[in-house]
Amino acid sequence: MAGGRIRVVVAMSGGVDSSVTAALLRDAGYEVVGITLNPWVEVGGRGQVTGPRKRSCCPEDALDAREVARYLGIPHYIFNVQAEFRRWVLDYYVDEYRRGRTPNPCIPCNQRIRFGLLLNKALALGAHFLATGHYARIRRDDAGRYHLLRAVDPQKDQSYVLYQLGQFELNRALFPLGEYTKAQVREIAARLGLPVADKPESQDFCFLGGLDYRDWLALQSVEVQPGPIEDLSGRRLGEHRGIVFYTIGQRRGLGVAAGVALYVVAIDPVRDAVIVGPE
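What comes next concerns the included structure. Throughout this document, residue positions are counted from 1 along each chain, in the order its sequence is written. Confidence filtering applies because this is a predicted model: local features only for residues at pLDDT of at least 70, side-chain atom pairs given and counted only at 80 or more, and all residues used for totals across whole chains, interfaces and linings. Side-chain metrics rest on all non-hydrogen atoms present in the structure, leaving aside hydrogens and water.

We now examine the nonpolar core. Phe175, Phe207, Trp216 and Leu217 are the most contacted members of the largest nonpolar core, which has 48 residues in total. Broken down by secondary-structure element, the contributors of at least two residues to this core are β1 (7–11), β2 (31–38), α3 (82–98), α4 (106–124), β5 (136–140), α7 (213–219), β10 (263–268) and β11 (273–277). Only DSSP runs of H or I reaching four residues or more are called helices, and only runs of E reaching two or more are called strands; each is numbered from the N terminus. At 8 residues, the largest contribution of residues to this core is made by α4. Excluding its chain neighbours within four sequence positions, the residues that come into contact with Leu217 are Tyr93, Val94, Tyr97, Val222 and Val244. Note on terminology: a nonpolar core comprises buried Ala, Val, Leu, Ile, Met, Phe, Trp, Tyr and Cys residues joined through side-chain atoms within 4.5 Å. Whether a residue is buried, partly exposed or exposed follows from its accessible area with a 1.4 Å probe, protein chains only, as a fraction of its type maximum: under 20%, in between, or over 50%, in that order. Membership of the second largest hydrophobic core comes to 27 residues, among which are Leu72, Ile74, Leu174 and Ala197. By definition, residues are in contact when any of their heavy atoms lie within 4.5 Å.

Here it is, written out as structure tokens:
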């Protein structure tokens with residue numbers, strides 16, 4: 001990964017993955033610039049705080065990113081993206097649940113925020129590449145086309161949340177961690193003495209701020225309407241609390257007994273109905 005003095009913007013979240021990404025690129029000779037996007041928004045309705053004033057993203061993560069950048073001796077900037085994050089990620093997340101679907105907000109976040117907004121900012125800063133801590137790989141074939149590949153570590157592979165990246169983005173993206181396992185990344189962080197080497201990994205979506213997604217949706221003024229639980233023939237088996245609490249394939253927590261294991265096979269947002277069936 002020889003780079004000379006090619007400028008690379010690294011999306012730094014304050015976690016161990018993006019921190020090791022920045023360290024690897026710096027040690028490979030790149031001119032590294034760290035950028036942290038600040039999507040902090042108050043938990044509450046669209047522009048309205050309906051609950052305790054609790055930020056949905058963690059300000060301490062930006063401080064961790066800044067500390068790592070200082071430790072590595074690289075410049076670091078914070079860009080505010082509250083309006084964009086609300087429009088492209090949070091509104092999408094809420095609207096999908098209203099439609100009876102289970103969203104993955106990382107998809108629009110990567111497409112619109114990281115490899116849309118941030119990539120454009122990186123190019124405006126004269127960067128040649130945008131690097132992130134995603135576990136994925138990029139290969140260029142003999143015809144000059146770029147291909148998105150799965151990471152070496154199958155347990156950490158994140159190529160599935162990057163599937164929307166096209167040739168323009170892949171030509172300007174770097175994923176240094178795609179060749180490493182998570183254990184190796186932790187070892188690198190410890191060996192380099194990074195301040196976040198022992199930082200726990202977050203398992204929730206960043207904007208939930210530790211809340212259960214149902215509680216978060218309630219703070220967004222998402223109306224929860226009870227409705228019927230039906231089998232495939234339309235027979236009513238019980239009543240659910242609201243379609244936002246169910247997802248296709250769910251087995252636990254249905255609250256109905258039928259002598260066989262039942263799974264959610266469909267959700268009808270028009271009738272507020274949850275349809276269940278056998279495996």
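Continuing now.
Examined against the element boundaries, Asp153 turns out to sit in the loop between β6 (146–150) and α5 (167–170). Although buried, Asp153 forms no salt bridge, and the nearest oppositely charged side chain, Lys156, lies 7.2 Å from it. As used in this structure description, the phrase polar contact means that two N or O atoms lie within 3.5 Å; if the pair is within protein, one of them must be able to donate a hydrogen and the other to accept it, and residues adjacent in sequence are counted only when both atoms belong to side chains. Within the structure, Asp153 has its side chain in polar contact with the backbone nitrogen of Gln155 (distance 3.0 Å). In this view, Asp153 contacts Tyr180, Thr181 and Lys182; residues no more than four positions away in its chain are not counted. In this count, Lys and Arg are taken as positive residues and Asp and Glu as negative ones, while His and the chain termini are left out. Salt bridges, as used here, are contacts in which a Lys or Arg side-chain nitrogen is within 4 Å of a carboxyl oxygen on Asp or Glu.

What follows covers the pairing of β6. Note on pairing: DSSP must find at least two bridges between two strands before they are called paired. Pairing of β5 with β6 involves 5 bridges; the strand directions are antiparallel. Residue pairing in the sheet places Arg140 in a bridge with Tyr146 of β6. If you look at the hairpin formed by β5 and β6, you'll find 5 residues sitting between the two strands, and Gly144 has a positive phi there, around 90°.

The strand order across the open sheet built from 4 strands is β9-β8-β11-β10, with neighbouring strands paired in mixed fashion. Of all the strands in the sheet, just β9 (236–240) and β10 have a single pairing partner and so form its edges. Mean inter-strand twist for the sheet, computed between neighbouring axes without regard to direction, equals 30°. Sheet analysis places strand β8 (residues 227–230) next to β11, joined by 2 bridges and oriented parallel. Bridging across to β11, Glu230 finds its partner in Ile275. As a rule, the C-alpha atoms of each element are fitted with a line to give its axis, helices using only the stretch in contact, and angles between N-to-C directions run from 0 to 180 degrees.

Just distances and angles here, no functional claims.
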